[in-house]
Amino acid sequence: MPDSENPATAVTFPPAFLWGAATSAYQIEGAVREDGRTPSIWDTFSHTPGKTAGGDHGDIAVDHYHRYREDVALMAELGLGAYRFSVSWSRVQPTGRGPAVQKGLDFYRRLVDELLSKGIKPAVTLYHWDLPQELEDAGGWPERDTAYRFAEYAQIVGEALGDRVEQWMTLNEPWCSAFLGYASGVHAPGRTDPAASLRAAHHLNLAHGLGTSALRSVMPARNQVAISLNSSVVRPLSQSPADLAAARKIDDLANGVFHGPILHGAYPESLYVATAQLTDWDHVLDDDLALINQPLDALGLNYYTPALVSAADPSARGPRADGHGSSDHSPWPAADDVAFHQTPGDRTEMGWTIDPTGLHELIMRYTREAPGLPLYITENGAAYDDKIDSDGRVHDPERVAYLHGHLSAVRRAIADGADVRGYFLWSLLDNFEWSYGYGKRFGAVYVDYATLERTPKSSAHWYAKAARTGTLPEVEAV
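Bear in mind that the values here come from a model prediction, so they are computed numbers and not experimental data. (Residues numbered from 1 in each chain as written. Predicted model: local features only at pLDDT ≥ 70, side-chain atom pairs only at ≥ 80, totals over all residues. Heavy atoms only, no water.)

**Q** Account for the nonpolar core, naming residues and giving values.
**A** By size, the foremost hydrophobic cluster in this structure holds 153 residues, and its most contacted members are W141, F150, I363 and V410. F150 has contacts with W89, L126, Y127, W141, T170, L171, A207 and G211, leaving out every residue within four places of it along the chain. (Core = buried A, V, L, I, M, F, W, Y, C linked by side-chain atoms within 4.5 Å. Buried < 20%, exposed > 50% of the residue type's maximum accessible area, 1.4 Å probe, protein only. Contact = heavy atoms within 4.5 Å.)

Next comes the structure, spelled out in structure tokens:
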């Protein structure tokens, strides 16, 4: 029996397991007009009335640009072995073209040096949704040229940091960039063109392939190149043929559209059939799939909650319960015949069902999809309505229970033969949560947005114990 299922046995992890936390540039850095940085699509989107809760934006965020030493010291106090952060494209290459701005690169050089001085492994994500606005003005991800601009940017950052950073991710959650950005419009740049979203998905794939090659051309061979996918665990409401077909369609749009070409060098034929009313896929050129299908050193998986789907009832009308924000436009191209359902169980402040079995299922799927490829959980976490008490502490037992459950699922997958090398908690800090503004707190560290003071929550102390011991403390032990 796997140890995580036996209450008499401690849940222990392999000694080399990497315990980390993750953030992204626009959500934490601030300093949006300093040292040559120019607007990204998220600067533009968040300053457009009605696009974000309360009109919130990342102009200051949690001021990590100026407080990075404080934040790295906090990571060291918590015993983190790794920190996954993203680079702001418009900070190091402001228009998305041309030479780098050294002041922008210098910030990331200082951050990496600070991490290494504290014994923390840096893990760089090149793109976490903040496309330079000038590239969007030229057409954005639906345009093929954007993929080539990304490759140039990847080479710039790889040359600057590749001697000290060994773990690299090209893209974070390209599904969100393509389908929330260009189909439903709830993310930047806020476009609602389903055909354009499919072109964007392909060009993000192409950017990954070209970027992978660009990184390898300028970095030591020891460095690892990966991608972080928010692959969905898609479950049918029933085993009826109609519900199984609905699940297959969403699986193609959530998963196959990315892991097909990236891992296997081909899009699913069923995806072509399902989307034929929108596109003939003539934007996929002859050599593209070979360019995309670069060998990977690892695969990052981001997981929060499963999806439950069925064939749609044509007479039923109501909000789409897919957990991806409110919009009159669907992020699922050519899938109006699919209905999403709320899965049963407790929920986070995002309204997402807490289901660690989905994480185990996801890990085991990719153990089969890509045998021999090391896996990292590059995002997993939960938002709760955290409050600081009169003693200056933040007690978040719900998050502790969430982490215990999901890390137990990771350990169970390792016991079942999965090669999971590490886990990055989302997120290190409370921060700007995209279109939800500052109303959703994912951090293990509480941030007072008025003073920017950082206070580790009880979940941070719990996670610190896990990181130091390789064993999951009891939920009450915070």
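**Q** Could you give me a rundown of the sheet that holds strand β8 (residues 307–311), with the residues and numbers involved?
**A** Spatially, β6-β8-β9 is the arrangement adopted by the 3 strands of the open sheet, whose pairing is mixed. Edge strands, defined here as strands with exactly one partner in the open sheet, are β6 (234–236) and β9 (338–341). Pairwise comparison of adjacent strand axes, ignoring direction, gives a mean angle of 40° for this sheet. Summarising the sheet, β6 and β8 pair through 3 bridges and their orientation is parallel. Residue pairing in the sheet places V234 in a bridge with A307 of β8. Sheet strands touched by helix α10 (residues 241–264): β6, β8 and β9. Its angle to β8, the strand with the most contacts, is close to 130°. (Pairing = 2+ DSSP bridges. Helix = DSSP H or I, 4+ residues; strand = E, 2+ residues; numbered from the N terminus. Axes fitted to C-alpha atoms, helices over the stretch in contact; angles between N-to-C directions.)

**Q** Tell me what's going on with the UniProt feature "active site" (unreviewed entry) in the protein, and back it up with residues and numbers.
**A** Per the UniProt entry, the sites bearing "active site" (unreviewed entry) are E173 and E379 in this numbering. These annotated residues cover 207 residues of sequence, and their C-alpha atoms lie no more than 10.1 Å from one another, placing them together at a single site. Filtering the just-named annotated residues for those lining the largest pocket gives E173 and E379. Here E173 is to be found in the loop between β4 (167–172) and α8 (174–182). In this structure, E173 is in contact with W129, S228, N230, N302, Y304 and E379, ignoring residues within four places of it in sequence. Counting through the fold element by element, E379 comes out in strand β10 (residues 375–379). Since its relative accessible area comes to 4%, E379 is described here as buried. Excluding residues within four positions of it along the chain, E379 makes contact with R84, H128, N172, E173, L301, N302, Y303, Y304, F424 and W426. (UniProt positions renumbered as here; feature names shortened; annotations may be inferred. 1 Å grid on protein atoms, 1.4 Å probe; cavity = no way out; pocket = protein on both sides within 12 Å on 5 of 7 lines; lining within 4 Å.)

**Q** Before we move on, could you go through the UniProt feature "binding site: substrate" (unreviewed entry) in the protein and cite the residues and values that matter?
**A** Sites flagged by UniProt as "binding site: substrate" (unreviewed entry) map to Q27, H128, N172, Y304, W426, E433 and W434. From the set just named, the residues that line the largest pocket comprise Q27, H128, N172, Y304, W426, E433 and W434. Under the relative-accessibility criterion, Q27 is labelled buried at 0%. Not counting residues up to four positions away in its chain, the partners in contact with Q27 are A61, H128, W426, N431, F432, E433 and W434. In terms of polar contacts, Q27 uses its side chain to reach the backbone carbonyl oxygen of F432, at 2.9 Å. (Polar contact = N/O pair within 3.5 Å; in protein donor to acceptor, adjacent residues only side chain to side chain.)

**Q** I'd like a rundown of the packing of α10 against helix α13 (residues 356–369), residues and numbers included.
**A** Relative to each other, α10 and α13 sit at 35°, their axes nearing to 12 Å. Helix-helix and strand crossings are classified by hand; for α10 and α13 the assignment is right-handed. Facing D251, N255, H259, L263 and H264 of α10, the residues of α13 in contact are R365, Y366 and E369. Taken together, the residues of the contact of α10 with α13 sort by class into 2 nonpolar, 3 polar and 3 charged. (Left-handed = near helix turned anticlockwise from the far one by under 90°. Nonpolar A, V, L, I, M, F, W, Y, C, P; charged D, E, K, R; others polar.)

**Q** So what about unusual backbone geometry? Which residues, and what values?
**A** With an omega of 10°, the peptide bond running from A188 to P189 counts as cis. Of note, P189 is situated in the loop between α8 and α9 (194–218). S427 follows W426 through a cis peptide bond whose omega is 5°. Positionally, S427 belongs in the loop between β11 (420–426) and β12 (445–447). Of note, A61 is a non-glycine position whose phi angle comes to about 50°, a positive value. By the element assignment, A61 lies in the loop between α2 (41–46) and α3 (64–77). One non-glycine residue with positive phi stands out, namely W129, at about 85°. With respect to the helices, strands and loops of the structure, W129 is situated in the loop between β3 (121–127) and α6 (133–137). The class of W129 is buried, set by a relative accessible area of 7%.

**Q** Which residues make up the side chain of H203, and what are the values?
**A** Its location among the elements puts H203 in helix α9. With a relative accessible area of 3%, H203 lands in the buried category. Separated by 2.9 Å, the side chain of H203 and the backbone oxygen of W141 make a polar contact. Excluding anything up to four places from it in sequence, H203 contacts W141, P142, E143, R144, A147 and H283.

**Q** Tell me about helix α15 (residues 458–469), and name the residues and values.
**A** One turn of an α-helix holds 3.6 residues; hence residues three or four places apart share an orientation. With 12 residues, α15 should cover 16 Å at 1.5 Å per step; its first-to-last C-alpha distance of 17 Å lies within 8% of that length. Among all positions in α15, only S458, S459, A460, W462, Y463, A464, A466 and A467 are buried. Turning to α15, the residues buried within the fold contact β1 (18–22), α14 (397–415), β11 and β13 (454–456). G470 lies just past α15 and shows a positive phi near 70°. (Expected span 1.5 Å × (residues − 1).)

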